[in-house]
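Fold and contact review
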Amino acid sequence: MANDLNWLERLTLGLYSCIVWLLQPLVRRKLLRRARQEPEYGRRIAERFGRYANAPSAGWLWVHAVSLGETRAACALIEQFRSQQPAMKLLLTHGTASGWAAGRALLAPGDRQTWFPWDTADATERFLLHFKPRVGLLLETEVWPNMVQSCLRHGVPLFLVNARLSDDSYMRANRLRCLSEPAYRSMAGAFAQSSADAKHLKALGAKVPGVVGNIKFDAQPAADQLAAGRAWRRRIGQPVLMLVSSRDGEEAAFVAVLSSGRAGHGYGFSSERCQILVVPRHNQRVAEVARLFRQAGFSVSRRSEWQGQPQPADVWLGDTMGELALYYAMSDVALLGGSFEPFGGQNLIEAAACGCPLVMGPHTFNFTEAAKWALDAGAARSASDMRAAVAQAFRWIDQPEQLEATRARCRQFASAHQGASRTTAEAVLGLLTAPGQRLPKAPRHVAVGQATDNAPSVSKQAAHRAGVS
């Protein structure tokens, strides 16, 4: 229970709770403001504060996938739970409209979807009393102090799965150690993506049963999107260069490079040498990005306006949700957004699974291990800035045989690191089928150096499947 907190931790948690309680009116206003562009934010706002219109229920396997990336990652994990426990009832929670939209496709009859409650003591209590989950799984980084303590009081085992904690995130958490350490140590366990993540998690007091790899490697691209994208690429008649999951400032840098190429400066590349495709990370920025390119003299065509096939334009804009596999399959090379400005990068695994070579910028601290693996496997290249990245992309485009070999390395890299979803599901279900017991012990051969003082590691075989041995 929460009574293992010392006086300073109790005081810090109380101060935090007071602040998040006072912020509730601002949260409501922010949701209504965002609903002007994304109507989903304006629906069922009461659920954000732990108030529900339907009847209470119990027995849920609760998965929290805050946004689009986490929801896509959760797909393979949920499939593993369904295969191992067909009668399970899924409760899926989100924090963003993109996560909610993607989550609809993961629901089976009898499942439920709701908003994750704002982290006040009252809202988290109401959430747990209403749903009474058997277990809670938080994906990647979603550790909320009041929710953790509420789960502890209600006896709900709470795990952080696909857990990651970059150097920067660890430093921030360490600065607020009186708040973060009780949250991490009060969870039932944290299944780490990498040994570096495990080291940071353990330093904050988390119980780390093992390093199991990244469940995003288990996600399979939609076959129909891959087929459609490849068919379009064959008909286009020229290479396609994509800037994917781009963030604020990166499109402007891309425009500057393309414009200098048009003017005959730089490395001699230009947008006329290939078709440009841009897919912004946040869909609400599409209109802003379209204006940016038009002001620079580029014609623009949006995916949502296509009538069955791509329309002629200097720049195509990917403005649809859930079609990344289509965009990767259309593209010869992709530049990884979020890595050319200090945002930490984006998920590069889906690109590899689709056979699309990547060029990454210097900022990949949110995906350090996966970025290193991709570089080592020859599935990606790194670049110091946008200009160098575009130059590398054109070097690939100008060498079709090398590009085709890189596509094969991408697919090999993606398949070599699979298995984390099954390992995670087996461990969690092992706990649920033996109430009050520790996580099931690993076989004799364990991943060296991954066990904590309180819990065993995953098996060496499972670690090899996940690509972490």
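The structure under discussion appears in the preceding block.
The structure contained in this document is the topic of the report that follows. This is a predicted model, so every value here is computed, not measured.

1. Here's the deal with the environment of Ala 228
For Ala 228, the position within the fold is in helix α10 (residues 223–236). For Ala 228, a relative accessible area of 30% puts it in the partly exposed group. In the structure, Ala 228 is positioned 98 residues away from Leu 326 in sequence and 6.7 Å away in space, judged by C-alpha atoms.

2. Here we look at the sheet that holds strand β2 (residues 90–94)
Here 7 strands make up an open sheet; going across it, the order is β3-β2-β1-β4-β5-β6-β7 and the pairing parallel. A strand with exactly one partner marks an edge of an open sheet, and here the two such strands are β3 (112–115) and β7 (210–211). Across 3 bridges, the pairing between strand β5 (residues 158–163) and strand β6 (residues 189–192) is parallel. Bridging across to β6, Leu 160 finds its partner in Ala 190. Of the strands in this sheet, β1 (61–64), β2 and β3 are in contact with helix α5 (residues 121–131), which crosses β3 at around 170°.

3. Remarks on the environment of Val 240
Along the polypeptide, Val 240 turns up in strand β8 (residues 240–246). For the pair Val 240 and Tyr 328, spaced 88 residues apart in sequence, the C-alpha to C-alpha distance is 9.7 Å. Each residue touching Val 240, except ones within four places of it in the same chain, is listed here: Gln 275, Leu 277, Met 330, Ser 331, Asp 332 and Val 333.

4. Observations concerning the pattern of salt bridges
Applying the stated rule across the entire model yields 21 salt bridges. Residue Glu 140 pairs with Arg 164 through a salt bridge whose shortest N-O separation is 2.9 Å. With Glu 140 in the loop between β4 (135–139) and α6 (145–154) and Arg 164 in the loop between β5 and α7 (167–175), this pair connects stretches of sequence that are 24 residues apart. Under the relative-accessibility criterion, Glu 140 is labelled buried at 1%.

5. Looking at a positive patch on the surface
A surface patch of like charges, here positive, comprises Arg 29, Lys 30, Arg 33 and Arg 36. Relative to the helices and strands, Arg 33 resides in helix α2 (residues 24–34).

6. Details of the pairing of β6
Here β6 shows a buried face lined by Gly 189 and Phe 191 and a second buried face lined by Ala 190 and Ala 192. One ladder, built from 2 bridges, connects β6 with β7; its direction is parallel. Paired with Phe 191 across the two strands is Gly 210, which belongs to β7. On the question of chirality, the crossover connecting β6 to the parallel β7 by way of helix α9 (residues 195–203) is right-handed.

7. Considerations on a nonpolar patch on the surface
Side chains of Leu 15, Ile 19, Leu 23 and Leu 26 sit close together on the surface and give an oily, nonpolar patch of about 350 Å² of accessible area. Using a relative accessible area of 44% as the deciding quantity, one classes Ile 19 as partly exposed.

8. Describing the nonpolar core
The biggest cluster of nonpolar side chains holds 37 residues, and the ones touching the most others in it are Met 242, Val 244, Tyr 327, Tyr 328, Leu 348 and Phe 413. In terms of residue count, the dominant contributor to this core is helix α13 (residues 324–330) (7 residues). Judged by nonpolar contacts, the second largest core, of 31 residues, contains Phe 127, Val 148, Tyr 184 and Val 211.

9. Observations regarding the packing of α6 against helix α8 (residues 177–186)
The geometry of α6 relative to α8 is characterised by a closest axis approach of 9 Å and an angle of 40° between their N-to-C directions. Judged by the inter-axis angle, α6 sits oblique to α8. For α6 against α8, the interelement crossing comes out left-handed. Packed against α6, whose contacting residues are Pro 145, Val 148, Gln 149 and Leu 152, the element α8 presents Leu 179, Pro 182, Ala 183 and Ser 186 at the interface. Split into classes, the residues belonging to the contact of α6 with α8 amount to 6 nonpolar, 2 polar and no charged.

10. Topic: the pairing of strand β9 (residues 275–280)
Side-chain direction in a regular strand flips from residue to residue, so the side chains alternate between the two faces of the sheet. In terms of burial, β9 is a largely internal element, 6 of the 6 residues being buried. Relative to β9, β8 runs parallel, the two sharing 6 bridges. What sits directly across from Leu 243, in β9, is Val 278. The sheet contact formed by β9 and strand β11 (residues 315–317) spans 3 bridges and is parallel. Across the sheet, Ile 276 pairs through a bridge with Val 315, a residue of β11.

Conventions adopted
Residues numbered from 1 in each chain as written. Predicted model: local features only at pLDDT ≥ 70, side-chain atom pairs only at ≥ 80, totals over all residues. Heavy atoms only, no water. Helix = DSSP H or I, 4+ residues; strand = E, 2+ residues; numbered from the N terminus. Buried < 20%, exposed > 50% of the residue type's maximum accessible area, 1.4 Å probe, protein only. Pairing = 2+ DSSP bridges. Contact = heavy atoms within 4.5 Å. Axes fitted to C-alpha atoms, helices over the stretch in contact; angles between N-to-C directions. Salt bridge = Lys/Arg side-chain N within 4 Å of Asp/Glu carboxyl O. Patch = residues over 30% accessible without salt bridge, like charges linked within 9 Å, V, L, I, M, F, W, Y side chains within 5 Å. Areas by Shrake-Rupley, 256 points an atom, 1.4 Å probe, with all protein chains shown as cover. Lys, Arg positive; Asp, Glu negative; His and termini not counted. Charge placed at Lys NZ, Arg CZ, Asp CG, Glu CD. Right-handed = clockwise from strand over helix to strand, strands pointing away. Core = buried A, V, L, I, M, F, W, Y, C linked by side-chain atoms within 4.5 Å. Parallel < 35°, antiparallel > 145°, perpendicular 65-115°, else oblique. Left-handed = near helix turned anticlockwise from the far one by under 90°. Nonpolar A, V, L, I, M, F, W, Y, C, P; charged D, E, K, R; others polar.

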